Each structure stands twice: as structure tokens, then as C-alpha cells.
Amino acid sequence: MKSNAHPLKHLTTGRRGFLAGTAALGIGAGLSTHAIASHVTENETTDFSERDHDLPFIGTEETFSTRELMILNDRLFLEDTGLAELGPRRIGAMDKAGLNIQILSAHTPGVQNVKGKKGIDFAYRLNKLLVDGPMATYPGRFKAFATLPLQNPEASADELERTVREDGFLGCLTNGIIGKKFLDHPDFEPLLARTQALDVPIYIHPGLPPDEVFEIYYSNMRPEYQKEFQDQVLSISAYGWHQEVVTQCLRMITSGVFDRHPKLQIIIGHMGEGLPFFFERIVEKMSEVTKKSLDKPFEQYFHDNFWFTTSAFPQTELLNLLLKYISVDRVMFATDYPFADMKTQTDWFRGVALPREAKEKIAFRNAEKLFGIKV
């Protein structure tokens, strides 16, 4: 089997170019959207875009890369997207959209597949690049999630602590499956323990499936259509990697990660990666079989240990479904720049029919609370 089972380098639309029709949903518990909407009084304007034109925003899933990182991961086809631009072009797009802060994270898969000292050094350089570059040049406009050398969990824990304590990073971001292991694997206990001790979250972003998974699940498309890379797109942005994030989260609950680390916080994007659609069935079925193995009811972990972002899914019906199951206090705004247009996302959210208080929570206040930052 070839090691490079994902020849995406010929795609020109970027990893999220096929997201428009994807039914990515979310998870949670608490006040339903209908209950929230009922608190919009008759005296409030129905033109929510005008009412909320001054709404501040923190973007919690905003991607960057470098030419070196794109070469490492065979992603030079993304060079013209603005991934590596951390100056005027990005700031101009933020100003146009009214996005006050971007929380930067390295493009998937980062350096998490790079072994040994090379991976450790690469992660350090990427993190320092942000501190010495955009975070210094544009004070207050950029924050960051640490890139970690996840082939070495102990070194990852050390680099996370260094970035948090020395450079003011807000947590870390991982990209899907790590080799052939999820975060519930015992190898990652040092990282999970350190993350909880530092009181910062882990953002689980999707990643490319392993070659074996790709071959079994996605490589059965008609050969004559391979020039359009249908199976590769199906395995990532159209469907596959969203479902894999949900799988990883459910594994973390069932394997007792949050019983061992009850204060650990996990963030997932894309309106919950499809989880709200399955929420009631998952809770019903898994509650039956985990009563004796978990410290809390299965559903409670979603409310205590998970946060959700709106990245790349400016669809009100999906936000409504997310808020049906999860409190508005655990939803945060994100754009998924540069793979989604920032202004499209902020314009959409300004027009959503929610009370001003609820929209402020999603747009920036929940992020302020979780990360300890201020717009």
C-alpha cells in the first residue's frame, strides 16, 4: 500500500471547498433555541443585523501555515489561500469582517506525524514564529493554540506548558487521529494530565484518515472520476473527518478520560461535527451500557467537558439544533479562515434571531471566559 493515499496536491479549492452541502451539526445540553428565541421581546428590532452591527467577535478556529510546513505535509497547492500570510492581508480581512481577535492554529496535520527531535524542534519554531511575528506586530489581534510534537506525548506536555507560561498561549490544537491512536490512548495521559493542570483546553480539529481507513472506507469511487479526487474529498471535508472527530470524543468519554481528568476541556468545531443530529440516540444507547463503568451519566460529559464552535457553518438551522442540546454558554464563534470567508460568517451571525445577550456569549464572551482574554 502506498504511504501517500491522499494526493490532494492538485486540488485548487482548498481543504474546505466542498463544505457547503455538508450536514455538520453539534452537541450539548441546556436551554433550547426556541426557549432562547422566546426571550426576544416585541420591543426589540427584527433587523438583528442592524441591532448587532457593533457585535465584537473572537474567531476560535483560524488557520495558518508556513511554506516549510506546507512542504512537509505536501500542501503547497494551498500557498495562494493566504495560509502563510500573517500580516496586512489577514488583518485587512479581519477589519472588513469586524473580527477583533483570531486564535491561530497550525494547518492540519501540523507536525503531529513528525517523530523525534525533528518534530519537537519544528513545533517549537512554529510556536515561536507566532509570538515573534503576528502576536508582536499586532498586539491584541492574535492569540494562539500551541502546535505540539504529538509523536512524543511527554515532550508535547512540556511544550504546551512552556507556551502557556512563557508565551501566553491559550491551549493546544490536535488534528484527528495521531498515527493510529486517539487521545484516549494511555500514551497521551501525560499530555491530558498537564493540560488539566494548566487549566487550558484542547481543540480537536479533523485530520486525514490513516491509509488503511482510507482504503476501506473511501477508495471505492469509479476510477474515471479520480481526476476530481472524489474519494479524497469524501474522506475529509465532505464527510469523513467530521465523523472521526465525533468518534474520538465518544471514545474519550467511554474510556474514562473525563473520570480521570474531570476538569479537562475539549473544543470541537463545525457546529459539533455532526454530533447534534445523533445526540438523542447516542445518549439513549450509550447511557444503557455505561451506567456501571462511568462516574457520571453519559450525557453529563457533554455539558461538563465540551465546547463547540460555529466554524465554516453559517447555517441558522444547524445553530438551532446545536442550541437544542447544549447551553448557549458553551458555544463559541469561529470562521475557519482562510478556508471560509470571514465576513460571510460575521454577517450571518449578526443577522441570527437571538437575544443580544445570547449572541454576545457566542460571539466573544464565552471565549473570553474560557481563555481568560478580553476583546
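Residues numbered from 1 in each chain as written. Predicted model: local features only at pLDDT ≥ 70, side-chain atom pairs only at ≥ 80, totals over all residues. Heavy atoms only, no water.

A. Spatial organisation of helix H11 (residues 240-254). Its 15 residues give H11 an end-to-end C-alpha distance of 21 Å, which sits within 8% of 21 Å, the value for a rise of 1.5 Å per residue. Among the 15 residues that make up H11, eleven are buried, leaving the element largely enclosed by the rest of the structure. (Helix = DSSP H or I, 4+ residues; strand = E, 2+ residues; numbered from the N terminus. Expected span 1.5 Å × (residues − 1). Buried < 20%, exposed > 50% of the residue type's maximum accessible area, 1.4 Å probe, protein only.)

B. Quick peek at empty space enclosed by the protein. A complete count under the given rule lists four cavities of 30 Å³ or more for this structure. Taken as a whole, the second largest cavity spans an internal volume of roughly 60 Å³. Lining the second largest cavity we find Ser-105, Ala-106, Pro-109, Gly-110, Val-111, Gln-112, Ala-146, Thr-147, Leu-148, Leu-150, Leu-173 and Asn-175. For the lining of the second largest cavity, the secondary-structure elements that each account for two or more residues are strand E2 (101-106) and strand E4 (172-175). (1 Å grid on protein atoms, 1.4 Å probe; cavity = no way out; pocket = protein on both sides within 12 Å on 5 of 7 lines; lining within 4 Å. Points joined across faces, edges and corners; volume = space filled by probe spheres on them.)

C. Region of the structure containing the packing of helix H4 (residues 88-97) against helix H16 (residues 342-350). Relative orientation of the contacting elements H4 and H16 amounts to 20 degrees, with a least axis distance of 8 Å. By the criterion of interaxial angle, the relationship of H4 to H16 is roughly parallel. Two packed elements cross with a definite hand, and for H4 against H16 that hand is right-handed. Residues Arg-90, Ala-93, Met-94, Lys-96 and Ala-97 of H4 lie in contact with H16, whose contacting residues are Met-342, Lys-343, Thr-346 and Arg-350. The class makeup of the residues in the contact of H4 with H16 is four nonpolar, one polar and four charged. (Axes fitted to C-alpha atoms, helices over the stretch in contact; angles between N-to-C directions. Parallel < 35°, antiparallel > 145°, perpendicular 65-115°, else oblique. Left-handed = near helix turned anticlockwise from the far one by under 90°. Contact = heavy atoms within 4.5 Å. Nonpolar A, V, L, I, M, F, W, Y, C, P; charged D, E, K, R; others polar.)

D. Just the sheet that holds E4, in detail. Taken in spatial order, the five strands line up as E4-E5-E6-E7-E8 in an open sheet, and their pairing is parallel. Pairing within the sheet leaves two strands with one partner each, and these edge strands are E4 and strand E8 (331-332). Of the strand pairs in this sheet, strand E6 (residues 266-268) and strand E7 (residues 306-309) are connected by three bridges, and their pairing is parallel. For Ile-266, the partnering residue across the bridge sits in E7 and is Phe-306. Strand contacts of H11: strand E5 (202-205), E6 and E7, with the helix running at about 135 degrees to E5, the strand carrying the most contacts. (Pairing = 2+ DSSP bridges.)

E. Here's a closer look at the packing of aromatic side chains. Evaluated as defined, the whole model comprises 16 aromatic pairs. Where Phe-145 meets Phe-371, the ring centres are 5.7 Å apart and the plane angle is 65 degrees; that geometry is what we call edge-to-face. Of the two residues, Phe-145 sits in the loop between strand E3 (142-144) and helix H7 (153-167) while Phe-371 sits in helix H17 (residues 356-371), which places them 226 residues apart along the sequence. The two residues Phe-145 and Phe-371 agree in class, both being buried. (Phe/Tyr/Trp six-rings, centres within 6.5 Å; stacked < 30°, edge-to-face > 60°.)

F. Region of the structure containing the sheet that holds E3. Taken together, the three strands give an open sheet; going across it, the order is E1-E2-E3, and neighbouring strands pair in parallel fashion. Only two strands of the sheet have a single partner each, and these edge strands are strand E1 (58-64) and E3. Between one strand and the next, the sheet's axes are offset by a mean angle of 35 degrees, whatever the strand orientation. Of the strand pairs in this sheet, E2 and E3 are connected by three bridges, and their pairing is parallel. Note on E3: the bridge partner recorded for Ile-103 is Lys-143.

G. Highlighting the confidence of the model for the protein. Looking at the protein as a whole, its pLDDT mean stands at 89, while 88% of the residues score no less than 70. Considering only residues more than four positions removed or in separate chains, one finds that residues 1-35, a stretch of pLDDT under 50, has 121 contacts. (pLDDT = per-residue confidence, 0-100.)

H. Examining the environment of Ile-268 more closely. Within the secondary structure, Ile-268 is located in strand E6. When its relative accessible area of 0% is taken as the criterion, Ile-268 is described as buried. Sequence-wise, Ile-268 and Met-332 are 64 residues apart; in three dimensions their C-alpha atoms are separated by 10.0 Å. Excluding residues within four positions of it along the chain, Ile-268 makes contact with Tyr-203, Ile-204, Val-245, Cys-249, Glu-273, Trp-307, Phe-308 and Thr-309.

I. Geometry of the environment of Gln-226. For Gln-226, the location among the structural elements is in the loop between helix H9 (211-217) and helix H10 (230-235). Residue class for Gln-226 comes out partly exposed when judged on its relative accessible area of 24%. When near neighbours in sequence (up to four residues on either side) are disregarded, Gln-226 contacts Met-221, Asp-231 and Gln-232.

J. Molecular detail of the pattern of salt bridges. The full count for this structure, using the stated rule, is 27 salt bridges. Across the salt bridge formed by Arg-165 and Glu-161, the nearest N and O atoms sit 2.8 Å from each other. Highlighted residues: Arg-165 and Glu-161, both in helix H7, separated by four residues, approximately one helical turn. Across the pair Arg-251 and Asp-184 runs a salt bridge, and its minimum N-O distance is 3.2 Å. Note that Arg-251 is positioned in helix H11 and Asp-184 in the loop between E4 and helix H8 (189-198), a separation of 67 residues in sequence. Residue Arg-251 is classed as partly exposed on the basis of its relative accessible area of 38%. Three or more residues are tied together by salt bridges with common partners; here these are Arg-51, Asp-52, Asp-54, Arg-356, Lys-359, Glu-360 and Arg-365. (Salt bridge = Lys/Arg side-chain N within 4 Å of Asp/Glu carboxyl O.)

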